Amino acid sequence: MNFFVVVEVTLRHGIADPEGATIERALPALGFTGVSNVQAGKSFRMNIEAENEDAALEKATALAERLLSNPVIEDAVARLAEVHAS
Amino acid sequence: MTRVAVVVFPGSNCEYDALAGVTSLGAQAELVWHTTKDLAGFDGVILPGGFAHGDYLRPGALARFSPIMDAVARFADEGGAVLGICNGFQVLTEAGLLPGALQKNAGLKFLCRPTALEVTSTDSVLTSRASLGQELVIPINHFSGAYVCDDETFERLQARGQVILRYRENPNGSRGDIAGLANERGNVVGLMPHPERAMSTLLGSADGRVLLESFVGVRERVTS
């Protein structure tokens, strides 16, 4: 089966996030108040051919840890979005 | 005569400066394309600055999978002298040949200017001919140069004298003002400043010479 998987990569807790901080500082000027803890990250989407959901997620997690993220500074979370008809 | 390989990835852009830098000191050097799998016959390897593989994903993230990196890892393991400058430093951390990582500059600005550095260890292939506490003015030229590592790594780096260069005034938010570091044996070194751009007082500074002189002076494998 073909699964549609989203991998989100965010900076680990305690790692400085200058992008998130800059975005947060810009918001009040645009009239958006009450927004805090803005974090910048990356999102990757892909189709994964696998036996079942678990196998697809396992593959996504493995490739996210090996390539999409740097475990020294980033966390990666893979989730199933929807099943794509291939 | 020392033979130095300067690795060229698609997107490298400081390879000729590095080549000119070490050859001006009497070393023999050649450019080596990143698909090469053999580094036999070389005394030292330089991973130059630039944007290897476009810096896509993260600086160094894709370069670490270039075919030559297995040879670089073997060369380092055998005690060969390996130097990563700027993007090369980022590649070495991504490849796990040096600990930690390089994150976007704290001020989110691309920084291109001379910086004052302090030599904090002479126990490496890059600083063996410098003196402890010596000040060197060498330019930086990067967007992702803030050195990051966990507490345990940081303590270990300091305890073992692996921090070889520190910024006098921290330009980018690097932990512990770290500008350059070495592995435990001192044969693998990485730094964000560009010593190859500080080879002549006519062009602003010749302080990079002592670093590259140290590097090209290495003719044997580092064993301990």
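Refer to the structure above for everything that follows.
Residues numbered from 1 in each chain as written. Chains lettered and ligands numbered in written order. Predicted model: local features only at pLDDT ≥ 70, side-chain atom pairs only at ≥ 80, totals over all residues.

Colleague: Quick question: what am I supposed to make of the overall build of chain A here?
Modeller: Counting secondary structure elements, chain A contains two helices and three strands. Its helices and strands in sequence order give chain A the pattern β-α-β-α-β, from N to C terminus. Taken over C-alpha atoms, the radius of gyration comes to 16 Å for chain A, far larger than the 12 Å a tight globule of 86 residues would show. If you line up chain A on its principal axes, its C-alpha atoms span 50 × 30 × 15 Å. Each of the 86 residues in chain A was classed as buried or not, and the buried ones make up 17%. (Helix = DSSP H or I, 4+ residues; strand = E, 2+ residues; numbered from the N terminus. Rg over C-alpha atoms; globule rule 2.2 N^0.38 Å. Buried ≥ 20, exposed ≤ 12 C-beta atoms within 10 Å, placed from the backbone.)

Colleague: What is the right way to look at the sheet that holds strand β2 (residues 28-33) of chain B in this model?
Modeller: Remark on secondary structure: sheet strands pair via backbone hydrogen bonds, oriented parallel or antiparallel. All names here are of chain B. Spatially, β2-β1-β3-β4-β11-β10-β9-β6-β7 is the arrangement adopted by the nine strands of the open sheet, whose pairing is mixed. A strand with exactly one partner marks an edge of an open sheet, and here the two such strands are β2 and β7 (135-142). Strand-to-strand twist across the sheet, computed as the mean angle between neighbouring axes with direction ignored, equals 25 degrees. As defined by bridge partners, strand β1 (residues 3-8) adjoins β2 across six bridges and the pair is classed as parallel. Bridge pairing in β2 links Val-8 to Trp-33. Lying over the sheet, helix α2 (residues 68-77) contacts β1, β2, β3 (44-47), β4 (81-85) and β11 (188-191), oriented at roughly 130 degrees with respect to β4. (Pairing = 2+ DSSP bridges. Axes fitted to C-alpha atoms, helices over the stretch in contact; angles between N-to-C directions. Contact = placed C-beta atoms within 7 Å.)

Colleague: I keep staring at the nonpolar core and nothing clicks. Help me out?
Modeller: Generally speaking, nonpolar side chains in soluble globular proteins are found buried as a group. By size, the foremost hydrophobic cluster in this structure holds 76 residues, and its most contacted members are B:Val4, B:Val6, B:Val7, B:Val45, B:Ile46, B:Val82 and B:Phe215. Top element by residues in this core is α2(B). It accounts for six residues. Beyond its immediate chain neighbours, meaning those up to four positions away, B:Phe215 contacts B:Gly44, B:Ala81, B:Leu83, B:Val125 and B:Leu126. Of all hydrophobic cores here, the second largest spans nine residues; its members include A:Phe3, A:Val5, A:Val7 and A:Ala78. (Core = buried A, V, L, I, M, F, W, Y, C linked by C-beta atoms within 7 Å.)

Colleague: So what exactly am I meant to see when it comes to unusual backbone geometry here?
Modeller: With the exception of glycine, most residues fall at negative phi, and the peptide bonds are largely trans. All names here are of chain B. Residues other than glycine seldom take positive phi values, yet Asp-55 does so here, at roughly 55 degrees. A positive phi angle, near 60 degrees, is found at Asp-177, a position not held by glycine. Mapped onto the elements of the fold, Asp-177 is located in the loop between β9 (163-167) and β10 (178-182). Of the residues examined, Asp-177 has 19 C-beta atoms within 10 Å and is grouped as partly exposed.

Colleague: Honestly, helix α2 (residues 53-68) of chain A in this entry has me stumped. Any pointers?
Modeller: In an α-helix, one full turn covers 3.6 residues, which means residues spaced three or four apart are oriented alike. All names here are of chain A. Those residues of α2 lying buried are Ala-56, Ala-60, Ala-64 and Leu-68. Considered in projection along α2, the buried side chains sweep an arc of 70 degrees and stay on one side of the axis. Exposed and oriented more than 90 degrees from the buried face of α2 are Asp-54, Ala-62 and Arg-66. (Arc of directions from axis to C-beta.)

Colleague: Would you mind showing me how to read the environment of B:Pro139 here?
Modeller: All names here are of chain B. Along the chain, Pro-139 turns up in strand β7. A count of 20 C-beta atoms within 10 Å places Pro-139 in the buried class. As for Pro-139 and Ser-205, which are separated by 66 residues in sequence, their C-alpha atoms are 8.8 Å apart. Filtering out sequence-adjacent residues up to four positions away, Pro-139 remains in contact with Arg-113, Pro-114, Thr-115, Pro-193, His-194, Arg-197 and Ala-198.

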